[in-house]
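# Observations on the three-dimensional arrangement
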Amino acid sequence: MTAPLLEMKNIVIEGLSGESWLPIIKGLDLTLHKGEVLGLIGESGAGKSTFGLASMAYTRQGCRIASGSIRFDGKELFGAPDSELRELRGARIAYVAQSAAASFNPAHRLIRQYAEAPVQHGIMSYAEAEEKAVATYQQLLLPDPENIGYRFPHQVSGGQLQRAMVAMAMSCQPDIIIFDEPTTALDVTTQIEVLAAIKDITRRFNTAAIYITHDLAVVAQLADRIMVLRYGELVEENDAREMLANPRETYTRDLLAVRSFKKGKSDAALKEDVILEINGVTASYTGTENVLEDIDLEIRKGRTVALVGESGSGKSTLARVITGLLPPVQGEVVFKGEALPPALKSRKRKDLQRLQMIYQMPDTALNPRQKIRKVIGRPLAFYFNYSRQQQEKRILELLDQIELPADYIDRYPTELSGGEKQRICIARALAAEPDLIICDEVTSALDQLVAEEILKLLLNLQRKLQVSYLFITHDLATVKAISDEIVVMLNGRIVEKGPKQEILKPPHHEYTDLLLSSVPEMDPDWLDGLLEARAEQENGEKPMMEPAA
Amino acid sequence: MTATFKLLRSSPFSARLGMAMVLITLLAAIFAPVVAPYGETEVAGDVWLPASADHWVGTDNLGRDLFSRLVYGARNTIAIAFLITALSFIVGTMWGFLAATVGGWMDQLLSRIVDILMAFPTLIFALMVLSVVGTSIPALVVVIALLDSTRVYRLSRAVAMDIEVMEFVEAARLRGEGLWWLMRHEILPNAMPPLVAEFGLRFCFVFLFIAALSFLGLGIQPPTADWGSMVRENSGAITFGIFTPLWPAGAIAFLTVGVNLVVDWFLHIASGLED
């Protein structure tokens, strides 16, 4: 075997916390051979990104590589002068960031940003770079490769932008590309395109890659070898197939098991009275273009309706209509047999109390300047006029229900982890004693294991309190886990709805089928198999993967 | 109470220095009659005497003891400047938050009114109003506070608009909270850092503005001492190589630096909570 392309030994990375440096990465090793794809997986805070970036001897602000050795192609990078590192970065080791939308400069055309690195490094002229860009766009199956580069970042879709970013990383034909969660922000259907593009291009150019993600099923499609990290330490490292088949450590097994939990049967036997009815709702932001068209929907007591669709399909808009933030153009929202006033302003306190909402980002859904006491106590005082003591007592009960310690009552949200914050959001909603809680992508900002805990908690609470959920999500694994009924939306319309068992059983509507088949499975051959199957099925026709840009 | 004490104990040197500087000025202002060796308007010697044992920092353009006038000036300057700044912040943030929270026509109306007020050069506008209503300290306070509040309005509106789109504000709206709650409990605490920083700056600009008005005869009326007018009154001395006007100018700088050191620390604590 030839010498490895990249060899990192005993890397210690420290982060500045207040006045002192605390270790984030505690002595990790990594070897990467030419053409090999290494998956780095772990929860947020495990140090995967920090470690991945260290392979080009780079750290984010507030971090430093304290010790270790980074040998790339025979050269030692740790302690190398900046000028030398600059030559390497972008040219021989490239980086693809998680959010392409945030990483592109919105003021420049894509192709100019593509050309920046090769021209800067003196590898080719601008004209050559333009030519090569078109070729790369073609390889990545971007539509209209001759012209797409002359668009601005906001003029292409999220999946296209992410592929343009992969193209950018390829511009200098690097030896290593670091992919930092490149598909986490994308819909399942779009994720497939990007994964396929990455797989194809790394194979074609025999590029080595470090693929950072928290999703084991995604990394299973790409990686030859997988490293599982936790708290800055290695949990397990193994050949990808081997690890999926025989995980050695409990933690890895937990990660693998995440997608397998299901809602119990007992919930299906609950009473069938309808709590919320949506009749013929059409809504629009501009007055000319309808974002929602003719939506009919029913939610029953103690049941969960999952609203599924990609971003832009109108799921969140429907939530805004139900809560009254966006009065519909047509149609009505009926709550327990009474039509709700369309606008929030004209709704009564009683209407508002029965309908609560939990948001996607617990960070922004909690006021950072309010202690938990105030966050949960306010709805109690507001809706039920509880006295201080009554509030205190009820807050402690609620904290107990959401499985958080009682002393959290005096904490600020910033002193909690993401999952804990989401629990507080749940407690805030429960404090109002609602009949229906709208959950808008409540788990998509969380790590898988944490998300699973949150889903379990929601299910438990439903069983105890008979509250209904409208569960908005694009994650079909979540849907399978917790829903009773499924509603599939596309372009502002409902394309299919019904009980979970019926929707998940074929035959499907073609869009439902596309969504379902796009959920990555823990099978290293899944992506290849799927792409082949789709290619055969479409028979040369362009697959319907691209929603209008 | 103990929390405040703890916070003070943990304050860095720069903040303590700032607090000391502000405290010295405040004490001098409060105990002016005790501290000052001469009266505020008492002519105590020759014009523009250099510093000596009798006159610690010399005398001014009319032969009054400069140190005594500095001490008395601190009273007027700080009290008036503080009053003006506080008033302008109360008015400015209220309207600014209201514009951001209600939006739509309310925002349009308030913003256009502010645009009109800002279209006049502030000094000209102040001159115009003060010459109509006559110069008095209440008139001065109201006019400058109103003019300053337009800037505060702009800032607080912009800051509040950023906060207003956050989901916790939406959550409060969905709960059915009224405007006052949204402004007072959801937006204000999160808007504090930039507002506090602006407060420190505005406070200092107000001295200078008063000084400019005083020079034109519409500010604080002589013989009442204030630092800004003291610089103006004595500015002629500079051409003779006498540095009398530097003393009141130094006093302004002293307080400005002190206030801003404290403000910087506030900002640091405030932003630390967000991380």
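Residues numbered from 1 in each chain as written. Chains lettered and ligands numbered in written order. Predicted model: local features only at pLDDT ≥ 70, side-chain atom pairs only at ≥ 80, totals over all residues. Heavy atoms only, no water.

### Things to note about the packing of helix α7 (residues 158-170) of chain A against helix α8 (residues 188-204) of chain A
Residue and element names in this part refer to chain A. Two numbers describe how α7 lies on α8: the axes approach to 9 Å, and their chain directions differ by 15°. Judged by the inter-axis angle, α7 sits roughly parallel to α8. Once α7 is placed against α8, the crossing between them reads as right-handed. The residues of α8 that touch α7, namely those facing Gly159, Gln162, Arg163, Val166 and Met170, are Thr190, Glu193, Val194, Ala197, Ile198 and Ile201. Tallied by class, the residues present in the contact of α7 with α8 amount to 6 nonpolar, 3 polar and 2 charged. (Axes fitted to C-alpha atoms, helices over the stretch in contact; angles between N-to-C directions. Helix = DSSP H or I, 4+ residues; strand = E, 2+ residues; numbered from the N terminus. Parallel < 35°, antiparallel > 145°, perpendicular 65-115°, else oblique. Left-handed = near helix turned anticlockwise from the far one by under 90°. Contact = heavy atoms within 4.5 Å. Nonpolar A, V, L, I, M, F, W, Y, C, P; charged D, E, K, R; others polar.)

### With respect to the domain arrangement of chain A
Residue and element names in this part refer to chain A. Segmentation of chain A into domains returns domain 1 (35-58 + 87-259) and domain 2 (302-326 + 345-519). When each unit is reduced to the centre of its C-alpha atoms, the spacing between domain 1 and domain 2 is 32 Å. Listed as interface residues are 16 residues of domain 1 and, on the opposing side, 14 residues of domain 2. In total, about 1,400 Å² of surface goes out of reach between domain 1 and domain 2, with carbon and sulfur atoms giving 52% of it. Linking domain 1 to domain 2 there are 0 salt bridges. Put simply, domain 1 and domain 2 have 0 residue pairs in polar contact (both at pLDDT 80 or more) between them. Top contributing element to the side of domain 1 that touches domain 2 by residue count: helix α11 (residues 250-257), with 4 residues. For the side of domain 1 that touches domain 2, the per-class residue count stands at 8 nonpolar, 3 polar and 5 charged. (Domains from an automatic or database assignment. Buried area = accessible area lost by both parts, 1.4 Å probe. Salt bridge = Lys/Arg side-chain N within 4 Å of Asp/Glu carboxyl O. Polar contact = N/O pair within 3.5 Å; in protein donor to acceptor, adjacent residues only side chain to side chain.)

### As for the pattern of salt bridges
Side-chain pairs of opposite charge can arise where the charged atoms are in close proximity. All told, the structure shown has 44 salt bridges over all chains when counted by the stated rule. Where B:Arg112 meets B:Asp115, a salt bridge forms, and the shortest distance between an N and an O atom there is 2.9 Å. One end of the pair is B:Arg112 and the other is B:Asp115, both in helix α5 (residues 104-119) and 3 residues apart, which spans about a single turn. B:Arg112 gets classed as partly exposed once you look at its relative accessible area, which sits at 39%. The closest approach of N and O atoms between B:Arg175 and B:Glu186, which form a salt bridge, is 3.8 Å. With B:Arg175 in helix α8 (residues 167-175) and B:Glu186 in helix α9 (residues 179-215), this pair connects stretches of sequence that are 11 residues apart. For the pair shown, B:Arg175 and B:Glu186 are each scored as buried. Sharing partners across several salt bridges, the network here consists of A:Lys34, A:Asp73, A:Arg92 and A:Asp175. (Buried < 20%, exposed > 50% of the residue type's maximum accessible area, 1.4 Å probe, protein only.)

### A short note on the packing of helix α4 (residues 66-102) of chain B against α5(B)
For any two helices packed against each other, one specifies the crossing angle of their axes together with the interaxial distance. Residues and elements named next belong to chain B. Axis separation between α4 and α5 bottoms out at 7 Å; the angle between their running directions is 145°. In this structure, α4 crosses over α5, and the sense of that crossing is left-handed. Of the residues in α5, those touching α4 at Trp95, Leu98, Ala99 and Val102 are Gly104, Met106, Asp107 and Leu110. A per-class count over the contact of α4 with α5 returns 6 nonpolar, 1 polar and 1 charged.

### What to know about the interface of chain B and chain A
Across the boundary between the two partners, chain B contributes 20 residues, which contact 22 residues of chain A. Surface buried jointly by chain B and chain A totals about 2,000 Å² across both partners, of which 55% is contributed by carbon and sulfur atoms. Put simply, chain B and chain A have 2 salt bridges between them. Where A:Arg378 meets B:Glu177, a salt bridge forms, and the shortest distance between an N and an O atom there is 2.6 Å. Counting every contact that joins chain B to chain A gives 11 residue pairs in polar contact (both at pLDDT 80 or more). The biggest single contributor to the side of chain B that touches chain A is α8(B), with 7 residues. Of the residues contributing to the side of chain B that touches chain A, the split by class is 9 nonpolar, 3 polar and 8 charged.

### What about the pairing of strand β4 (residues 63-72) of chain A?
Residue and element names in this part refer to chain A. Sheet topology note: the strand β1 (residues 6-17)/β4 ladder contains 8 bridges and is antiparallel. The partner of valine 12 across the bridge, within β4, is serine 67. Relative to strand β5 (residues 75-76), β4 runs antiparallel, the two being bridged by 2 bridges. Paired with phenylalanine 72 across the two strands is lysine 75, which belongs to β5. Linking β4 back to β5 in an antiparallel pair, the connection comprises 2 residues, with aspartate 73 at a positive phi of about 50°. (Pairing = 2+ DSSP bridges.)

### Considerations on the pairing of strand β9 (residues 225-230) of chain A
Residues in a regular strand point their side chains to alternate faces of the sheet. All names here are of chain A. Summarising burial for β9: 5 of the 6 residues are buried, a large majority. When β9 meets strand β10 (residues 233-239), the two strands line up antiparallel, connected through 6 bridges. In the strand pairing of β10, isoleucine 226 is matched with asparagine 238. Hairpin connection, β9 to β10: the antiparallel pair is bridged by 2 residues, and tyrosine 231 has positive phi, about 50°.

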